[in-house]
Every structure is written in C-alpha cells, then in structure tokens.
Amino acid sequence: MSVVGKPTPLVDARAKVTGQGVYTDDIKLPGMLVGKILRSPLAHARILSIETSKAESLPGVRAVVTGRESTVRFGVLPVSRDETAMAVDRVLYIGDCVAGVAADDEETALDALRLIDVRYEALDPVLTIDDALKPSSLPIHDKTVGGTNIQKAVDQDFGDVEAAFASSAFVERHEFKFAAVTHAFTEPHCVIAQFDHDGRLTVWSATQVPHYLHRALSEVMGLEMHRIRVIRPMVGGAFGGKSDPFPHEMIASLLSRRTMRPVKILFDREEVFITNHGRHPTRTSMAMGVSKEGLITGLDLKALIDGGAWGSFGVVTTYYNGVLCMGPYRVDNFRYSGKRVYTNKPPSGAMRGHGAVNSRFAMEVLVDMLAENVGLDPLEFRLRNLLPPMTKTINEFRITSNGTKEALETVRGASDWDNLHGRLPYGEGIGVACGFYISGSALPIHWTKTPQSTVHIKIDSDGGITVHSLAAEIGQGSDTMLAQCVAEPLGVALSRVRVFSSDSDTAPIDLGSYSSRVTFMAGNAARRAAEEIRKDLVGAASVLTGYPAEGFVPTDEKLVYAPDPAITVTFMDALAEAIKGKGALIARGCYAAAPPMGGKFKGAAAGLSPSYTFQAYVARVGVDAETGFVTVKKIWAAHDCGRALNPIAVRGQIQGCVHMGLGQTLSEDFRYNRGNILDANLLDYRTLTPKQMPPVDVFIIESNDPEGPYGAKEAGEGPILPVAPAVANAIYDAVGVRPKELPITPDRLLDAIAGVRRGGTKQAARTSTARRPAKVGA
Amino acid sequence: MKDTLLRIAPAQRAGRAERVMTTLNVNGAERRLAVRPYDVLLDVLREQLNLTGTRRGCDMGTCGCCTVLIDGRPILSCLTLALEAEGASIRTIESVATGSGLHPVQEAFVQTGGSQCGFCTPGFIMTAVGLLEKNPDPSEEEIREAISGNMCRCTGYIAIIEAIRMAARRLRNEPAEVGR
C-alpha cells in the first residue's frame, strides 16, 4: 500500500489554514438579499392572525412569507413528515419559525421582523416527558400513540429475560437520567437559495446530507428533483446537527421564488441553539443479570426519550437506544421498551453516537456493578463476556470483524490497569468502559433501488484524476479518504486526484455523511470505480508492450509488469494510449448493502449494519471530595476502526470524540425554563476548554473488516461511546459513588458523596462496609 | 429572542447613523473606508473588504473564530468597533501565508491535523502567530492559556496544541519532531 494507511494531511487542509476555503456565508451573489426569520416567543400557541402589510411596505423589503406560503409537510424520515417551512396554525416551541423576510440589507430585514404583527392564543405547553406520556386534548402532532404525545413506542423481546433474571446470581436495576446536549459546531447554519428564469432552483447550504435536502426541497417547492441543484460549500462542523432538511432552507427558497433573487439566511448563535437537533434528553431504566460464573444473563431496558417538537430522526433514535446495546457483550435475553415523546421544545435529533450514548452509559455502569457483585475485576469481566468475531447477536446483527479483546488488552497494559484499579488512594480512580457502533446503516431511509453510494471518476489526457461524489466533507476527512481509495488502485500520487463532492448536478447520489457510513460505503464505491478504470490502463500497457494485461500492476506512477519488473509503462504513456480513439477515461463504482442479513421481526432493520466498530477506554480521574469537582487526568482510547486508511484523520476523530464525550459527562447541559433555553450561547453551554482537555493516548486497533474498503470501518462516532461511562466508573473507583445522571456536576457528585458518607443508601452501605472502608469518610 | 433583539437594538438606537470616513491599516495596506460608528471590525473585514477568512461564529465574543491581530495582539474582531482600530496595524489570516508558502504555524496545522472542519482554524492561527511572535518558546500551559479564548469542536485541541509546539520549534530552527 503506498497511499492507504499512511498519515495523510487532509487534501483541503491548505485551503482551511489560509482562510481561502469557502463556506456558505462567504458566498456573495449578484443581487443577493438578506433573509431573516421571525420566531415564536411562545412554546405552544395557536396563530390567530399574521399581519405583514407594514413590513411589506417598509422600503427595502422585497418579500415576506408566512406558513400559508407552503403547507407541504417534510421531515428527514418518510415515516415522520411533521414539519412545515413555517408554522401554519400552531407554533410548537419557542423559536419556531413564523415568518420570513427578504430585504436589501440585514438592518432592514430585522426592522421588518418587528413590523410583523402576530396574534397568538397561548396554549398549555407540554414540557416534560411525564406530561407528554399523558393523554392530551391537543397533541403536538396528529399521529401519536393513543391521544398522548408519544410519537413512537418500540417493544422488542428476545429470549426470556424474566427467566434469565430468576436464575441469575445477581440482578442490578437502576435509573439513569441524561440532560440534553447539542453539537455546538462553530459554523452557524447558513443557506443561499436562488431561483432562476429557467425554472431551476440552486441551493447552497451548510448540510451534511445534500441528498435529503434535495428530496425535501423537491417536495416542499413542488419541483422535480432534476430542476434543483444542491451545493454544499465547506461545512464548519456538523456532528449530526446538519443532517436534517431544515425550515430555513425552505424559507430561503420560498423567498427566492417570490423575489427571483438569491436570498441568504445566516443564523446567529441563538438560532443555532434553537434549531438544536441535539442528543435527546432521556430517562433510562436498565436491569442486567449475571450468573455466578460472571456471565451476563439478560438485559432489560426501558428508555423515555424527549424528542422536542418534531420527529427528525427520532424513530431511529428510539430503536437505537435499545438495539445498540447488543454489543460488544453476549446478551442472550433482551427486552426493550422505548418511547419517544413530543414536547414543546426545540427538536432533538441525531448527534454523534446517535441513540447509543445514553444507553451505553447505563449499560457500562451496570456491567461494572455486576463485576463487583461476582467479585471480578471489571476489565476481566468484560473480557469474559465479549462477543467473538464472525457471529450473530440475538437480534440477528451480523458481527464480522471485532477487535474488542485487543482493544481491552491494549488499554489494560497502557494504563497499568492491573496495578492501579482498586489500589489508588481516596479521591483517585481509574475506570474502564467499552463501546459498540454501526458503520453505516445497511438499509437506507428511502426504499429505492439507488445504491447508497456511487462514485464517478474521470481521467483525461492532462493526467488529472477527477472524482465525483456526494459524500459530504464536513471536516472528518472524507474527501481525503475518497482520494486515497482512488489513488491506491491506480498506483498514482495523491496529488493527481481532485475530489469534487459538493454538487448534486455533477455528482452521483450518495446518502451523505451520517450514521458513520461514508468510509465504508463511499470508500468502497470509490475503490471499485478506480479498479474499473485500472482495467483501461493495464490494457493500454499491454498494447504498448505486447505483454498480457493481467501481469501489470500500477504502482508509483507506473504500470509494472510483475513477472519482469524491468518492463514498465508510465502512467502518462498508458493513459495516452487508453484515451486514443475513445476520449477521456470514465468509470463508476457503487456500494449497495444488500447481503442477506437481519431478522424478519418488526424493527429488524434498525441498527443493522454491514460492519460494527468496537471501543475500549480507560479513564483516570481525580475527585475533590470537598468540592465535588472531577478532574479527568488521562484517557487511554483504543478503537477498532477496521483499518486506518488515514491515521491522522482516525486519531483526530477519536480525540474529538473524547472532547465531546467529556463535555456531556462533566459540563454540557442544555437547560430550559418553561420551554426557554437558558444556555443558548457558547459561554453558558460549556464545552471543555483547552485548559480542561486531558491528554489522550490513542490506540488504533485494526481488525481488517472483510467487507470494508481496505478493511476499514468507521471512526467518527463509535469513539464517543465509552467516554462518559469510563469516567463514571473511575469516579466510583475514586470515591465509591455511582454517578447515574449526566452531566456529573460538582453539586450532584457532592450530594452523592455525602450520601455515601452518611451511609444513606443500600449501595452506599455496601460500598462503605464491604468494599473499601478505608476510602469512605476519609 | 434576546439575541435577535440585541442585534436589532444598535440599528434602532443609532437611527441608521451616517457613515464616517476612516482609514484602516489592513494587512499592510491603508484602506479608506466609509463605516457606521457601530460597525464592528468583523463586518468591515468580511463585508466591505471581502476578507472572508476571518470567520463569524457567534457575534458575541464566545468562539474566537473572528480573531485577528491588532498591533500584534490577538483580539476578537466581532467585539471591536472598526473605528477603534483606526491607526493600528490589523492583520488577518489572509496575510499569514506569503508567495513563498505557508507560515510555519499553518504548515504545522496541516501536518498534525490541527484543522478538521477548518472553521475555527484562522482564529487559532492568528492567536498562535500572535503568541509565538511574543513568546517563541511557550510551555504547553502557556499555549493552552493563549488559545483558551478560541473554541474548536472537532479536535479536542490536542492536534492544535501539537501544531503550535511544532511551529514554535521550527521557528526557533530546532529539528522537527514528528507528532504522534
């Protein structure tokens, strides 16, 4: 391998470090107008009237649109199309879009918003999960379960959990609570929409899934898809938060249709927080049993998930909260009951580690408890319970490559686990946790015959290799990955390859950058396209030399005849011959996950993936028992990504996941007061600062997946999973308390420590007497 | 919507104030500009001078994406009135690379993976350039302190800190050490 596996600076890094890169807000078009959105001040209200004439007559205002402009429903999942461009009859959360204005400049647009007179009739908002579970006289959306605000209820049952628990040596059941967290990417959402007089619409948007935006625009604007062109400029971070088609993209398009001019809408930071689509606030009740031999007997899980005002990816989230607990441990009896509710708050959606993070926390804490119950070291306990590679889970996930064992052994050695766990002084602790995640969803959201990824390649006589794809580069390095997967089979330098991945008019369809699918699917498509075009080149080498084509191997900008390496043809000579009489070389490759996999039961497709990734992390913490303040001192992170096509990118994803995971663990909390976000800025919403970020020792485990491109799986999401529980388990090792609510704030931890010292709870009593009396009341 | 209201307020208060002429020294060139008294430097750089490498992340001094150097000091251009910068030397990301190539700080960001989505990168690079001009041999703690006004959501800051250390070594002509 000359390109794949080498630490490779991102192909767009130079554009980024010089500021030359173009994000959506950097684009200026002739005649462009400024769009602004009027948002609801009420969490739940009926719109009685909207008076726009004053705004419309303000000089400089070019158009005002309201919900009546388009009542077409859309949503990222076909099963929950519950959004409209703007509120039609009711507003559903504080910040819901009510009207849009296009004006010559920003000040005029903002003045116009103040001149729009909306009369509301306030309705009782549903703000908590408990309220949402009750029957309602006016549910937030039409399609709910039995007149409540439950959007989706999932029940799955495999094996016999009750019987398994009855025969278990120990069963632990605990309640967990998770705050809302959000992506907090640095680039605010931005869109430009432009209708032209050819009846076509072009939309530039900071999106990670251009194709779903394309589909939604087609439905909302009533235009055939081929009349719409979606362009994704550079995207300044997304993490799941730019994967839905959004109202502001529809509003800009509606305003452009009215004015026939380009309209740009750029969010301010508060609007970014209002738009949210972050991780669902969740209450989780989980029980696990263990045999006296230390094997997990069963898992019983209930999750109540706060979806906010819209469906978004929520149906998937609901399933994922359960089914993504099916690894890395063998669980033969599994029962899951999940409910996602609508509330009058900004919508929750997909965020890095989608649907898996909160349940994983509960599971890894319980695993630690069970290990202690049976008197096993928690790391050893995990090793005993692992699924092997090449197996099937009880819910019929097909597990292929699996590097968990190696990952656990690696962090065990690196962290000096065997000498430190249970042996550090009071206030110092070390904890372990594992993770499990999909590498792309095997079954796409839309049931079409279109492959999930297609890549086109063109090589003309200039020798440049052009790659077209719609896999969205959002900073994770997918353009670099595509270039590598093309350069490798062609034996050329990476610098020959240019990736164009932003334009729906020139690129074949790709389902975009979500569910950790891009390396696996688009990478395979790119490799296949390059292997196709390689046939032309070796054929040409054969013509030029008279030796059989099968003998030629592309390497180092040449085609070398393997049986006699003295016989070579340069890439450029072979290219010239291949093009003769035919024109530029073109090829396509695609990926469509269609192997027979998955069960026949309801929801069998959820969580089904052509491959899975596995993680094992150790965290070391210090806990100040007087203040409740936790200092994470170090993380040892081992992630099985199959094969690291680009170790720089893989390492970056793992480090970024640790940062985001620690934020959720310690400080990130999206709080509300009566439906109003209290933390709608980057000061109050506290991500870890450079001074809080601990060192991270990254270990890349390469299990070489049989179906991944060059063995690769994913690295963008799985690595966030073990972060929070590893820290929680380390806190237990340090001070003997089990955090069960995120974030683990000093006040919560202090209360728990005080509880242990008073010996107030059963668990505390056990901790204080049986386990480590020396640490309690120190 | 408190933020929206905040952003409406200046225009209202100022009653669409008349523009005033000013001269700003941007990247070594004198630029004669008509600005409103309440225009912040970020707006003037991006909208009037088309220097879009300085990014707009929050408009309220919380993300650091708009960091530029004023007389060598990293400042947030979203919280600085354009008129306040009169007479000072303003440097933006566009001035950092020269015809002969990337600045060592930029090159180090490329090599370590200190830039992922890239949106925060120009701000970090300006902060780092400002730091290294003043302190050519910063400790890791000094680097963390210097960049603590810049936010990155992709890297966990690790590759950024590595890049600044690498650049510092190169600027001091010490042999490069390959980052982890």
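Residues numbered from 1 in each chain as written. Chains lettered and ligands numbered in written order. Predicted model: local features only at pLDDT ≥ 70, side-chain atom pairs only at ≥ 80, totals over all residues.

Asks: I'd love a proper account of the overall build of chain A, names of residues and values included.
Replies: Helix and strand counts for chain A come out as 20 helices and 31 strands. Judged by the C-alpha coordinates and their principal axes, chain A covers about 85 × 80 × 50 Å. Out of the 778 residues belonging to chain A, those deemed buried represent 63%. Partitioning the contacts of chain A with sequence separation of at least 6, the portion at a separation of at least 24 is 79%. (Helix = DSSP H or I, 4+ residues; strand = E, 2+ residues; numbered from the N terminus. Buried ≥ 20, exposed ≤ 12 C-beta atoms within 10 Å, placed from the backbone. Contact = placed C-beta atoms within 7 Å.)

Asks: Tell me about the overall build of chain B, and please be specific about residues and values.
Replies: Each helix and strand in chain B was counted, giving six helices and five strands. In sequence order, chain B lays out its α and β elements as α-β-β-α-β-β-β-α-α-α-α. Within chain B, buried positions represent 52% of all 180 residues. Put simply, 57% of the contacts in chain B that link residues at least 6 apart link residues at least 24 apart.

Asks: Tell me what's going on with helix H9 (residues 314-323) of chain A, and back it up with residues and numbers.
Replies: Residues and elements named next belong to chain A. Within H9, 10 of the 10 residues are buried, which leaves the element mostly enclosed by the surrounding structure. If you check which residues of H9 are buried, you get Gly 314, Val 315, Val 316, Thr 317, Thr 318, Tyr 319, Tyr 320, Asn 321, Gly 322 and Val 323. Here the buried face of H9 lies against strand E7 (150-158), strand E14 (296-306), strand E15 (334-341) and helix H10 (357-373).

Asks: Which residues make up the sheet that holds strand E3 (residues 67-70) of chain B, and what values do they have?
Replies: Residue and element names in this part refer to chain B. Spatial strand order, E2-E1-E5-E3-E4: five strands in an open sheet with mixed pairing. The strands lining the two open edges of the sheet, one partner per strand, are strand E2 (29-35) and strand E4 (73-76). Averaged over all pairs of adjacent strands, the angle between strand axes in this sheet comes to 40 degrees, irrespective of strand direction. By the bridge criterion, four bridges tie E3 to E4 in an arrangement that is antiparallel. The residue of E4 that forms the bridge with Ile 70 is Arg 73. Of the strands in this sheet, E3 and E4 are in contact with helix H4 (residues 121-134), which crosses E3 at around 30 degrees. (Pairing = 2+ DSSP bridges. Axes fitted to C-alpha atoms, helices over the stretch in contact; angles between N-to-C directions.)

Asks: I'd like to hear about the pairing of strand E1 (residues 33-39) of chain A, residue by residue, with values.
Replies: Residue and element names in this part refer to chain A. Within E1, seven of the seven residues are buried, which leaves it mostly tucked inside the rest of the structure. The side-chain alternation of E1 yields two buried faces, one formed by Leu 33, Gly 35, Ile 37 and Arg 39 and the other by Val 34, Lys 36 and Leu 38. Bridge analysis of E1 against strand E12 (residues 263-266) gives two bridges, and the strand direction is parallel. Looking across to E12, one finds that Leu 33 is bridged to Val 263. Direction of pairing for E1 relative to strand E5 (residues 97-103): antiparallel, over a ladder of six bridges. Residue Lys 36 lies in a different strand from E5, and its bridge partner there is Val 101.

Asks: So, the nonpolar core: which residues are in play, and what are the values?
Replies: Residue and element names in this part refer to chain A. If you look at the biggest cluster of nonpolar residues, it comprises 309 residues, and the most contacted ones within it are Ile 251, Leu 482, Val 486, Tyr 617 and Ile 731. Element by element, the count of residues in this core is highest for helix H15 (residues 518-545), at 13 residues. Discounting residues that sit within four places of it in the chain, Ile 731 has contacts with Gly 429, Val 621, Val 623, Val 630, Val 737, Pro 739 and Ile 744. (Core = buried A, V, L, I, M, F, W, Y, C linked by C-beta atoms within 7 Å.)

Asks: Lay out the sheet that holds strand E22 (residues 552-555) of chain A with the relevant residues and their values.
Replies: All names here are of chain A. Pairing is antiparallel in the open sheet, where three strands are placed in the order E22-E23-E24. Looking along the sheet, the strands with just one partner apiece sit at the ends: E22 and strand E24 (568-570). When the angles between neighbouring strand axes are averaged without regard to direction, this sheet yields 25 degrees. Strand direction decides the pairing type here: strand E23 (residues 558-561) and E24, joined by three bridges, are antiparallel. What sits directly across from Leu 559, in E24, is Val 569. Running over the sheet, helix H16 (residues 571-579) touches E23 and E24 and is turned about 75 degrees from E24.

Asks: Got a sec to walk through the packing of helix H14 (residues 478-490) of chain A against H15(A)? Specific residues and values, please.
Replies: Residues and elements named next belong to chain A. One way to put it is that H14 packs onto H15 with a least axis distance of 8 Å and a crossing angle of 30 degrees. The angle between the axes of H14 and H15 places the two elements in the roughly parallel class. Note that H14 runs across H15; the crossing there is right-handed. Between H14, through Ser 478, Met 481, Leu 482, Cys 485, Val 486, Pro 489 and Leu 490, and H15, the contact on the second element is made entirely by Val 518, Thr 519, Ala 522, Gly 523, Ala 526, Arg 527, Ala 530, Glu 531, Ile 533 and Arg 534. Grouping the amino acids of the contact of H14 with H15 by side-chain chemistry returns 11 nonpolar, three polar and three charged. (Parallel < 35°, antiparallel > 145°, perpendicular 65-115°, else oblique. Left-handed = near helix turned anticlockwise from the far one by under 90°. Nonpolar A, V, L, I, M, F, W, Y, C, P; charged D, E, K, R; others polar.)

Asks: Can you explain the environment of Ala13(A)? Please cite residues and give values.
Replies: By the element assignment, Ala13(A) lies in helix H1 (residues 13-17). Remark: the alpha-carbon pair of Ala13(A) and Gly656(A), spanning 643 residues in sequence, is separated by 17 Å. Setting aside residues no more than four positions away along its own chain, Ala13(A) makes contact with Val110(B) and Ser115(B).

Asks: Give a detailed account of the confidence of the model for chain B, specifying residues and quantitative values.
Replies: Here chain B shows a mean pLDDT of 91. Residues at 70 or above account for 88%. Here residues 1-14 of chain B is a poorly scored stretch, pLDDT under 50, and it has 18 contacts once near neighbours within four places are set aside; other chains count. (pLDDT = per-residue confidence, 0-100.)

Asks: Describe the interface of chain A and chain B, with residues and values.
Replies: Counting residues at the interface gives 48 residues for chain A and 46 residues for chain B. Elements that contribute at least two residues to the side of chain A that touches chain B include exactly H1, helix H3 (106-115), helix H8 (269-275) and helix H17 (647-666) of chain A. The element contributing the most residues to the side of chain A that touches chain B is H17(A), with eight residues. Of the residues that constitute the side of chain A that touches chain B, the class distribution is 19 nonpolar, 16 polar and 13 charged.

Asks: Kindly report on the environment of Ile465(A), identifying the contributing residues and their values.
Replies: All names here are of chain A. Along the polypeptide, Ile 465 turns up in strand E20 (residues 465-468). Placed 29 residues apart in sequence, Ile 465 and Leu 494 show a C-alpha to C-alpha distance of 9.5 Å. Residues contacting Ile 465, with those up to four places away along its chain left out, are Ile 457, Ile 459, Val 486, Val 492, Arg 496 and Val 497.

Asks: Give me the environment of Leu213(A): which residues, what numbers.
Replies: Residue and element names in this part refer to chain A. Among the structural elements, Leu 213 can be located in helix H6 (residues 210-221). The buried category is assigned to Leu 213, around which 28 C-beta atoms lie within 10 Å. Between the C-alpha atoms of Leu 213 and Ala 350, which are 137 residues apart in sequence, the distance is 15 Å. Residue contacts for Leu 213: discarding those within four places in its chain leaves Ser 205, Thr 207, Val 230, Pro 245 and Glu 249.

Asks: Break down the packing of H4(B) against helix H6 (residues 158-171) of chain B for me, citing the residues and quoting the values.
Replies: Residues and elements named next belong to chain B. Two elements in contact, H4 and H6, have axes whose closest approach is 11 Å; the angle formed by their N-to-C orientations is 40 degrees. If you check the angle between H4 and H6, you find them oblique. Both H4 and H6 take part in a crossing whose hand is right-handed. Of the residues in H6, those in contact with Phe 124, Ala 128 and Leu 132 of H4 are Ile 160, Ile 164, Ala 167, Ala 168 and Leu 171. Looking at the contact of H4 with H6, its residues break down into eight nonpolar, no polar and no charged.

Asks: Go over helix H12 (residues 404-414) of chain A, please, and point to the residues and values.
Replies: Residues and elements named next belong to chain A. Residues of H12 that are buried include every one of Thr 404, Lys 405, Ala 407, Leu 408, Thr 410, Val 411 and Arg 412, and no others. Tucked into the core, H12 has its buried residues touching helix H11 (378-385), helix H13 (417-420), strand E18 (428-438), strand E26 (612-624), strand E27 (629-640) and strand E30 (696-701). One or two positions beyond H12, positive phi appears at Asp 416, with a value near 60 degrees.

Asks: How would you explain unusual backbone geometry if you had to name every residue and give the values?
Replies: Trans is the prevailing form of peptide bonds, just as negative phi is the prevailing case for residues other than glycine. Residue and element names in this part refer to chain A. Across the junction of Gly 327 and Pro 328, the peptide omega takes the value -5 degrees, indicating a cis bond. Inspection of the secondary structure assignment puts Pro 328 in the loop between H9 and E15. The peptide bond linking Leu 742 to Pro 743 adopts the cis configuration, its omega dihedral lying at -5 degrees. Mapped onto the fold, Pro 743 is located in the loop between strand E31 (741-742) and helix H19 (746-758). One non-glycine residue, Met 390, lies in positive phi territory at about 50 degrees. Locating Met 390 in the fold gives a position in the loop between H11 and strand E16 (391-392). Of note in this structure, Tyr 710 is not a glycine but carries a positive phi near 55 degrees. Along the chain, Tyr 710 falls in the loop between E30 and helix H18 (723-735).

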